[in-house]
Amino acid sequence: MSAQHSRSKLRPGSAAISMVLLALSIVLVVAMTRYLSHTVRHDPAPARATPTALPQNVKPSFDPGAGAPLPEHRVVAFYAVPDAAATGPAYQLSDAMLARLRSQADQYQALDPAHPVVAGIDLVVSVPDRYSGPAGTYSHRVDRATIDRYVEFCRANGLVLFLDLNFGWSDPLTELNAFRDYFKLPFVHVAVDPEWMFPRHNGVPGTNLSNVRAADLNPLIQAVAAMPQEFQVPRKMFIIHQYRPDGDGLANPYDPGAALIADKRNLVDDDRVDVVVHVDSVGGWPGDIQVKTQQYNEWVAQGMQQYHNFRYGGFKIFYQLESKNRLMTPQEVMALQPPPMVITYGN
């Protein structure tokens, strides 16, 4: 008998076996379904899925915006050079100074509850001098013991602290890095004052007017911008004090008598840092409030619209100097457009 004939004779039996197997499969499926249904209905504590843990070498993503003061908060700070009463109300640390600072902050909080106010201190730690000094930098640094007292005071009382750099002839990045360990702290931020900054060694602080360029400030901005990721701390604020106009549009933007910042349009735009252009001019005579309001309009509001390289405005009031005329009220400060997000008070 041929193989082909054998396979043809087996086909009817094979079909029968297949039908039997199919029937058995159906019976088993029905039985198993009934069993599982019965088990699930009567299980009082069904098992829960166990979350999958991240591998040990995978870190959760870091968000520098978490805990950053801006844009959710407003900052009200007292300014000072340590032990120099004429400079600002934070020249000495005391409970009375803290109470006065909190009272001032509360006035702004009441005007804009949507932006909780964080109180702070703007402390000059790189102090300009009219003499060259041992290092030939026309500046000196506040001793670390004094800075440490301010750091601990701010830590204990929930304040932010700006370390304010005035430079003189010092190399800007060298001066910034001299305080690098403090910037590892989440509540310590940076302020710079170009009025006392002579990167080309072409003047003396307190004697000559200064003129700086975006190229002098941009390395500082970018160094501060890199700190949150490096130190795993919230995004930093970077205040640029502006005492006189910028030079954009002037025939000679590098003339110190005409401009403080030659080319503000060229400041780097880096969203890793919160740059604040802070109107730092001094009143104390009739009409000063109108002048400072106009300066804010030009240096901050118009600058934001024209340059798009900073997002926040700041404003300074001098308790003693400007009371010779009349201090701006918090209501008047908040009427500036856009309302300043960092407000400081000096003497």
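## Some points on the pattern of salt bridges
The final tally for this structure, using the stated rule, is 15 salt bridges. A salt bridge links arginine 200 to aspartate 216, with the shortest nitrogen-to-oxygen separation between them at 2.6 Å. A residue pair is termed long-range when its members are at least 10 positions apart, and arginine 200 in the loop between β5 (188–192) and α5 (214–231) and aspartate 216 in helix α5 qualify at 16 residues. Here arginine 200 falls in the partly exposed class, since its relative accessible area comes to 34%. The class of aspartate 216 is buried, set by a relative accessible area of 12%. One salt bridge connects aspartate 246 with lysine 264, and the closest N-O pair in it is separated by 3.2 Å.

## Remarks on unusual backbone geometry
A cis geometry characterises the amide bond from leucine 70 onward to proline 71, with omega recorded as 5°. Along the chain, proline 71 turns up in the loop between α1 (3–42) and β1 (74–80). In this structure, the amide linkage connecting glutamine 337 to the following residue, proline 338, adopts the cis form with an omega of -5°. Here proline 338 shows up in the loop between α8 (330–334) and β9 (342–346). One non-glycine residue, aspartate 83, adopts positive backbone phi at about 65°. A positive phi angle is found at phenylalanine 167, which is not glycine, with a value near 75°. Relative to the helices and strands, phenylalanine 167 is located in the loop between β4 (160–165) and α4 (172–177).

## Quick look at the packing of aromatic side chains
Summed over the entire model, instances satisfying the criterion amount to 5 aromatic pairs. Both rings, one in phenylalanine 78 and one in tyrosine 345, keep their centres 6.5 Å apart while their planes meet at 70°; by these two values the pair is edge-to-face. Of this pair, phenylalanine 78 sits in strand β1 while tyrosine 345 sits in strand β9, placing them 267 residues apart in sequence. With a relative accessible area of 0%, phenylalanine 78 lands in the buried category. What makes tyrosine 345 buried here is its relative accessible area of 2%. Measuring from ring centre to ring centre gives 6.0 Å for tyrosine 296 and phenylalanine 315, while their planes differ by 75°; the resulting arrangement is edge-to-face. Here tyrosine 296, found in helix α6 (residues 288–307), pairs with phenylalanine 315, found in strand β8 (residues 312–318); they are 19 residues apart in sequence, far enough to count as distant. On the basis of relative accessibility, which here comes to 0%, the residue tyrosine 296 falls in the buried class.

## So, the pairing of β9
The buried count for β9 comes to 5 of 5 residues, which makes it a mostly enclosed element. Residue alternation in β9 divides its side chains into two sets, Val342, Thr344 and Gly346 and Ile343 and Tyr345, and both sets are buried. Across 4 bridges, β1 lies against β9 in parallel orientation. Bridging across to β9, valine 76 finds its partner in isoleucine 343. Bridging between β8 and β9 involves 5 bridges; their strand directions are parallel. Within β9, the position partnered with phenylalanine 318 by the bridge is glycine 346.

## Considering the layout of surface pockets
It is a probe the size of a water molecule, rolled over the atoms, that shows where empty space is left. By volume, the largest pocket amounts to about 490 Å³. If you list the elements that add at least two residues to the lining of the largest pocket, you get β2 (117–128) and β8. Top element by residues in the lining of the largest pocket is β2. It accounts for 3 residues.

## Regarding the nonpolar core
One finds Tyr108, Ile121, Leu163, Phe183, Val192, Phe238 and Ile240 to be the most contacted residues of the largest nonpolar core, which totals 75 residues. Once residues lying within four places of it in the same chain are set aside, the contact partners of isoleucine 121 are Ala77, Phe78, Ala90, Leu93, Met97, Tyr150, Phe153, Cys154, Leu159, Val160, Leu161 and Phe162. The next biggest cluster of nonpolar side chains, apart from the first, holds 13 residues, and it includes Leu70, Ala191, Met341 and Val342.

## Brief notes about empty space enclosed by the protein
Scanning all chains against the criterion turns up 1 cavity of 30 Å³ or more. In this structure, the largest cavity encloses a volume near 50 Å³. Considering the residues around the largest cavity, the lining is formed by Val268, Asp269, Asp270, Val273, Asp274, Val275, Asn309, Phe310, Arg311 and Tyr312. Across the lining of the largest cavity, the residue classes tally to 5 nonpolar, 1 polar and 4 charged.

## Description of the confidence of the model for the chain
Taken as a whole, the chain shows an average pLDDT of 88; of its residues, 83% reach a score of 70 or greater. Confidence over residues 1–52 falls short of pLDDT 50; this stretch has 2 contacts with residues more than four positions distant or in other chains.

What counts, and at which threshold
Residue numbering note: each chain is counted from 1, following its sequence as written. In keeping with the model being predicted, local features are shown solely for residues with a pLDDT of at least 70 and side-chain atom pairs are shown and tallied solely at 80 or more, while totals for entire chains, interfaces and linings include all residues. Working from all heavy atoms in the structure, the side-chain values ignore hydrogens and water. A pairing counts as a salt bridge when a side-chain nitrogen of Lys or Arg comes within 4 Å of a carboxyl oxygen of Asp or Glu. In this description a helix means any DSSP run of H or I spanning at least four residues, a strand means any run of E spanning at least two, and both kinds are numbered starting from the N terminus. Each residue gets one of three labels from its accessible area relative to the maximum for its type: buried under 20%, exposed over 50%, partly exposed in between, using a 1.4 Å probe on protein chains only. Each Phe, Tyr or Trp ring, with Trp reduced to its six-membered ring, pairs with another whose centre is within 6.5 Å; inter-plane angles below 30 degrees give stacked pairs, above 60 give edge-to-face pairs, and intermediate values give tilted ones. At least two DSSP bridges between two strands are required for those strands to pair. Only protein atoms enter the 1 Å grid used here. Points where a 1.4 Å probe fits but cannot escape make up a cavity, open sets with protein on both sides within 12 Å along at least five of seven lines make up a pocket, and a residue lines them when an atom lies within 4 Å of a point. Grid points are joined across faces, edges and corners, and a volume is the space filled by probe spheres set on the points. Each nonpolar core is a collection of buried residues, namely Ala, Val, Leu, Ile, Met, Phe, Trp, Tyr and Cys, held together in the definition by side-chain atoms within 4.5 Å. A contact between two residues is defined here by any heavy atoms of the two lying within 4.5 Å. Under this grouping Gly is polar, as are all residues other than the nonpolar Ala, Val, Leu, Ile, Met, Phe, Trp, Tyr, Cys and Pro and the charged Asp, Glu, Lys and Arg. Within a predicted model, pLDDT stands for the predictor's per-residue confidence, ranging from 0 to 100.

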